[in-house]
Amino acid sequence: MTTRGSRSEKVKRIFQKFDSNRDGGLNREEMAALVVSVNPRVRFSDEQINAILDEVFRTYGEFIDGEKGLTYEGLLRTYDDGAGDVDRDFDALELELNLDDNKGISIASEASSSSILDERAMESHKKQRTAAWAVSPNHGIVFDDTWKMVDDLEILIKRLKAKQAKDGKLKGDNFDAYSDAGWSRELGPSSEISDKRIFWEESGHDYAVFVKELGVLRNRADGARSREEAFDGHMAIGRVLYEHQLFKEALVSFKRACELQPVDVRPHFRAGNCLYVLGRYKESKEEFLLALEAAEAGGNQWAYLLPQIYVNLGIALEGEGMVLSACEYYREAAILCPTHFRALKLLGSALFGVGEYMAAVKALEEAIFMKPDYADAHCDLASALHAMGEDEKAIEVFQKAIDLKPSHVDALYNLGGLYMDLGRFQRASEMYTRVLAVWPNHWRAQLNKAVSLLGAGETEEAKKALKEALKMTNRVELHDAISHLKQLQKKKVKPNGGANGEGAFIIVEPSKFKTIGEKTTLRLDLANALQIRAFQRITRLGRCDVELLKKEMTENDVPLSYSGSGVPEKSIRKPNLEEILQRLLNFLKPETFQGAVKAINERILSLLDETGSGRVDLGMFYAVLAPICSGSPNKRKRIAFDALLWRPVSEGGSQIRKVDAVGYIKLLRAIYIPSHGVSEMLEVHGETDSSMVSFNDFLVMFDDPDWGFGIMSTLVKLETGDRNRHGKYVCSVCRYPIIGSRFKESKSLFSLCNQCYSEGKVPPAFKQEEYKFKEYGSEAEAMKDKCMCFTLHGHSD
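Everything quoted here is computed from the prediction, not taken from an experiment. (Residues numbered from 1 in each chain as written. Predicted model: local features only at pLDDT ≥ 70, side-chain atom pairs only at ≥ 80, totals over all residues. Heavy atoms only, no water.)

Trainee: If you had to explain the pattern of salt bridges to someone new, which residues and values would you point to?
Mentor: A full pass over the atoms with the stated rule returns 38 salt bridges. E47 is the salt-bridge partner of K371, the closest N and O atoms lying 3.6 Å from each other. With K371 in the loop between helix 18 (357-370) and helix 19 (375-387) and E47 in helix 3 (residues 46-59), this pair connects stretches of sequence that are 324 residues apart. The two residues K371 and E47 agree in class, both being buried. Note that E356 and K574 form a salt bridge whose closest N and O atoms lie 3.5 Å from each other. Residue E356 is found in the loop between helix 17 (341-353) and helix 18, and its partner K574 is found in helix 28 (residues 574-584); the two are separated by 218 residues along the sequence. (Salt bridge = Lys/Arg side-chain N within 4 Å of Asp/Glu carboxyl O. Helix = DSSP H or I, 4+ residues; strand = E, 2+ residues; numbered from the N terminus. Buried < 20%, exposed > 50% of the residue type's maximum accessible area, 1.4 Å probe, protein only.)

Trainee: Hey, could you go over the packing of helix 12 (residues 247-260) against helix 13 (residues 265-277) for me, with residue numbers and the actual values?
Mentor: In helix packing, the relevant descriptors are the interaxial angle and the interaxial distance, both defined with respect to the helix axes. For the pair helix 12 and helix 13, the least separation of the axes is 9 Å and the interaxial angle reads 155°. By the angle between their axes, helix 12 is roughly antiparallel relative to helix 13. Like other packed secondary-structure pairs, helix 12 and helix 13 cross with a definite hand, here left-handed. Two secondary-structure elements touch here, helix 12 through F247, A250, L251, F254, A257 and C258 and helix 13 through P267, H268, R270, A271, C274, L275 and V277. A breakdown of the residues in the contact of helix 12 with helix 13 according to their chemical character gives 11 nonpolar, one polar and one charged. (Axes fitted to C-alpha atoms, helices over the stretch in contact; angles between N-to-C directions. Parallel < 35°, antiparallel > 145°, perpendicular 65-115°, else oblique. Left-handed = near helix turned anticlockwise from the far one by under 90°. Contact = heavy atoms within 4.5 Å. Nonpolar A, V, L, I, M, F, W, Y, C, P; charged D, E, K, R; others polar.)

Trainee: How would you explain the sheet that holds strand 4 (residues 513-515) if you had to name every residue and give the values?
Mentor: Pairing is mixed in the open sheet, where four strands are placed in the order 4-16-13-14. Edge positions in the sheet fall to strand 4 and strand 14 (751-752), since each of these pairs with one other strand and no more. The pairing of strand 4 with strand 16 (residues 771-776) spans three bridges and is parallel. Across the sheet, F513 pairs through a bridge with Y771, a residue of strand 16. (Pairing = 2+ DSSP bridges.)

Trainee: Kindly report on the confidence of the model for the protein chain, identifying the contributing residues and their values.
Mentor: Summary statistics for the protein chain give a mean pLDDT of 82 and a share of 82% for residues scoring 70 or more. Across residues 493-502 the pLDDT falls below 50, and counting only partners more than four positions away or on other chains, this stretch makes 26 contacts in the model. (pLDDT = per-residue confidence, 0-100.)

Trainee: I'd like a rundown of the packing of aromatic side chains, residues and numbers included.
Mentor: On inspection of all chains with the given rule, the structure shows 27 aromatic pairs. Centre to centre, the rings of Y242 and F247 are 5.2 Å apart; their planes meet at 75°, and the pair counts as edge-to-face. In this structure Y242 comes out as buried when scored by relative accessible area, which is 5%. Owing to a relative accessible area of 3%, F247 belongs among the buried residues under this scheme. Each ring, one from F269 and one from F288, has its centre 5.9 Å from the other, and the planes form 55°; the classification is tilted. Placement of F269 in helix 13 and of F288 in helix 14 (residues 281-297) is noted, with a sequence separation of 19 residues between them. Three or more aromatic residues joined by ring pairs make a cluster, and in this case those are F535, F641, Y664, Y672, F695, F698, F702 and F709. A cation sits over an aromatic face here: K12 above Y72, 5.5 Å from the ring centre. Across from the ring centre of F695, 4.3 Å away, lies the NZ or CZ of R638, which sits over that ring. (Phe/Tyr/Trp six-rings, centres within 6.5 Å; stacked < 30°, edge-to-face > 60°. Lys NZ or Arg CZ within 6 Å of the ring centre and 35° of its normal.)

Trainee: A description of the UniProt feature "repeat: TPR" (unreviewed entry) in the protein chain should follow, citing residues and the corresponding values.
Mentor: UniProt's feature table lists "repeat: TPR" (unreviewed entry) at residues 231-264, 341-374, 375-408 and 409-442, given in the numbering used throughout. Counting secondary structure, residues 375-408 comes out at 79% helix and 0% strand; the distance between its end C-alpha atoms is 8 Å. Counting secondary structure, residues 409-442 comes out at 79% helix and 0% strand; the distance between its end C-alpha atoms is 10 Å. (UniProt positions renumbered as here; feature names shortened; annotations may be inferred.)

Trainee: Give a detailed account of the nonpolar core, specifying residues and quantitative values.
Mentor: Within the largest apolar cluster, 148 residues are counted, with the highest numbers of intra-cluster contacts made by I604, F621, Y664, Y672, F698 and L752. Discounting chain neighbours no more than four positions away, the residues touching F621 are L577, L581, I600, I604, L605, L608 and V616. Among the nonpolar cores identified, the runner-up in size contains 34 residues, and I237, L241, C274 and V277 belong to it. (Core = buried A, V, L, I, M, F, W, Y, C linked by side-chain atoms within 4.5 Å.)

Trainee: A description of helix 18 should follow, citing residues and the corresponding values.
Mentor: Structurally, the α-helix is built with 3.6 residues per turn, so residues lying three or four positions apart point the same way. The end-to-end C-alpha distance of helix 18, which contains 14 residues, comes to 20 Å, matching closely the 20 Å that a straight helix rising 1.5 Å per residue would cover. Those residues of helix 18 lying buried are Y357, A360, V361, A363, L364, A367 and I368. Of the surrounding secondary structure, the elements contacted by the buried residues of helix 18 are helix 17, helix 19 and helix 29 (590-608). (Expected span 1.5 Å × (residues − 1).)

Trainee: Could you give an account of the side chain of D609, naming the residues involved and the relevant values?
Mentor: Within the fold, D609 resides in the loop between helix 29 and strand 8 (615-617). With no salt bridge to any partner, buried D609 finds its closest opposite charge in K574, at an N-O distance of 4.2 Å. Among the polar contacts made by the side chain of D609, one reaches the main-chain amide nitrogen of G614 at a distance of 2.9 Å. Excluding residues that lie within four positions of it along the chain, D609 makes contacts with K574, G614, R615 and V616. (Lys, Arg positive; Asp, Glu negative; His and termini not counted. Polar contact = N/O pair within 3.5 Å; in protein donor to acceptor, adjacent residues only side chain to side chain.)

Trainee: Tell me about the packing of helix 20 (residues 391-404) against helix 21 (residues 409-421), and name the residues and values.
Mentor: Contact geometry of helix 20 with helix 21 gives a least axis separation of 10 Å together with a crossing angle of 155°. One finds that helix 20 runs roughly antiparallel with respect to helix 21. For helix 20 against helix 21, the interelement crossing comes out left-handed. Residue-level inspection shows D391, A394, I395, F398, Q399, A401 and I402 of helix 20 in contact with helix 21, the latter providing A411, L412, N414, L415, L418 and Y419. Split by residue class, the contact of helix 20 with helix 21 holds 10 nonpolar, two polar and one charged.

Trainee: An account of the state of the cysteines is needed here, citing residue identities and associated values.
Mentor: Chemically, a disulfide is nothing more than a covalent bond linking the sulfur atoms of two cysteines. What the rule picks out here adds up to zero disulfides. Summary of cysteine pairing: C731 is not part of a disulfide, and the nearest cysteine sulfur, belonging to C756, is at 3.8 Å. On the basis of relative accessibility, which here comes to 0%, the residue C731 falls in the buried class. (Disulfide = S-S within 2.5 Å.)

Trainee: Talk me through the pairing of strand 11 (residues 725-730); I want residue IDs and the actual numbers.
Mentor: Side-chain direction in a regular strand flips from residue to residue, so the side chains alternate between the two faces of the sheet. The pairing of strand 11 with strand 12 (residues 737-739) spans two bridges and is classified as antiparallel. Along strand 12, the bridge assignment pairs R725 with I739.

Trainee: Before we move on, can you summarise the pairing of strand 13 (residues 742-745) with the specific residues and values?
Mentor: In this sheet, strand 16 lies alongside strand 13 in antiparallel orientation, the contact comprising four bridges. Residue pairing in the sheet places R742 in a bridge with Y776 of strand 16. Across two bridges, strand 13 lies against strand 14 in antiparallel orientation. Pairing of F743 across the sheet is with L752, part of strand 14. Linkage of strand 13 to strand 14, two consecutive antiparallel strands, is achieved through a turn of five residues, within which L749 is found at a positive phi near 65°.

Written out as structure tokens, the structure reads:
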């Protein structure tokens, strides 16, 4: 073990090597040179170096001597505090100790024979030719036999690479491997590194031979003299394979290392990284959780790795679509390592992803403060500002992201969307053109380019762009868009400045819209139901069987918690609630699930957690979801009532308190019909009596058209008919094919779609004192109506 004397001598030699101006201090330039030299295989960016130097100069302020910089005592203190490894750095720099002036002998040669010196020379040679990780104290190779295996493996990989390159099978090269602990990039293959990714050809003879020879090496590791040596061998093999992007093979080695030392953090962390790159996010998350458990049990030994475990765990959770849970871990990483700008950026992006825009802006601004040229952080900050309505500022920030990285697809695409929202169609089409220059088969950019050209009045160009989009994807909305364009040209409609190229229209006040027959939906009811239906579509709750809510209540125990009022609640933290939602919506892809959680968080959880405690009343949450899940209307109402019964205040009985029923309906309306407001209901129906309500009483309250949730019948009608098409009928206002219900005006005989009817739009050619509409759910209903009219006319003749 290095004595304190020899240790300080080594630090002195390191200090002298980098104190190039001999002023007794290491300034920022000299300190940067030291950091780079002792990490020869790490490619630091200027921002990373600056962040490290800021941390050192702030933490060791008492050892900073003005302009001179960090003193020798300060450098010694950094090593004493574990910021670096003296022996490793000393060897990496190939330094020799000074002769001790008093004793006239080299401190390094105390009690050493020539054979030991020869061995040390060999060690130095090994360290020069091996990756930096192999000589670091935390990941390093411990046993000599492991060095031999690493050498043999490097030869095998070179041989495989040469054969595959000769056959033209190897794709990509020079891949910068994923992060070690500390200053790191995102874990996964982002757009920046995907083009550097190596894709090995795994099906050929050469690869099979390589795997066979690799098996021999693994057997050598297993046959080591001790468990520790076997572990050392498998970890080193795994690291070499990982560096060469042989991720499947690296995973095998790390898994074997996990078996040999289950409580060691490193193999779990490495296995988690491999699984993430291979797209196996759930397994990746499980490995990171095991790494976290081991790190927390191991005390300070693994403290250096904790922030990175938190970050990578968050990224793996995002891979599964679990963004609320990811936020928790990014926050932990940022608390443990406040200068970890990537953790802050990921936190900001995740908060934006769940609709918490103010918190997102704060985290992203913090990340940019630490790393001003962080293009991804600028892009997400601009998106969050746009979501908050700060459009001019958002344009500036998007532009900054594009200045930093002119081919930033997300920034270009999102800025195009922002210009569309502002009605600046020409600028929007320019942005989409730039997206297509980088990513030629981006069909959404192509479609949006067509829509923006249409908004700018360039119909011919829009038609060309639409046809290009159609070549990229055969989605039904593109066929509708082309049909819509043809209608516009046929009618020679002058665009009204709307982004969808709709014709001129007038908006009529609601009192002038009358209905024929009881089955025709009132305009305001339809407007509210369409909003709820849109929410159902985003969240996919319309495809979630309401019985699953009942199953969650009966099968999963939720511990009671006590709020400030002292009333027991089955409350749950948002990340745990996200796990329940993942079970309910297990048919969704991760990115779709993420969109669903965002909508639920913005619309439902924000009202259920008004205090911002991060906890939600689970019974009330189930009751609020029930009316918009799939299943018969009666079943939905029954399970909503059961969810209220399941809450601790009602559990065990068959009735709920009237005050709870009123509170529930108030909440239901506030979430799904916010335009109605709830203050009047509170005044008229908000008695806080202690009476109890049975299921039948609850149904009367629920179905009340004025004070309940009577709109549910309209919602159910939309659910069953919103895919119905009406032959060649197009809406007289927006000119799109009519899907869903068709509203036919009885006097002027024009037809409106659901949306235009709900918004009160009519063609300007038909100005009337009042309009009477009849609703047709399908073309068959219209034909039946027509036949009845003929029959009536026949009788009267």
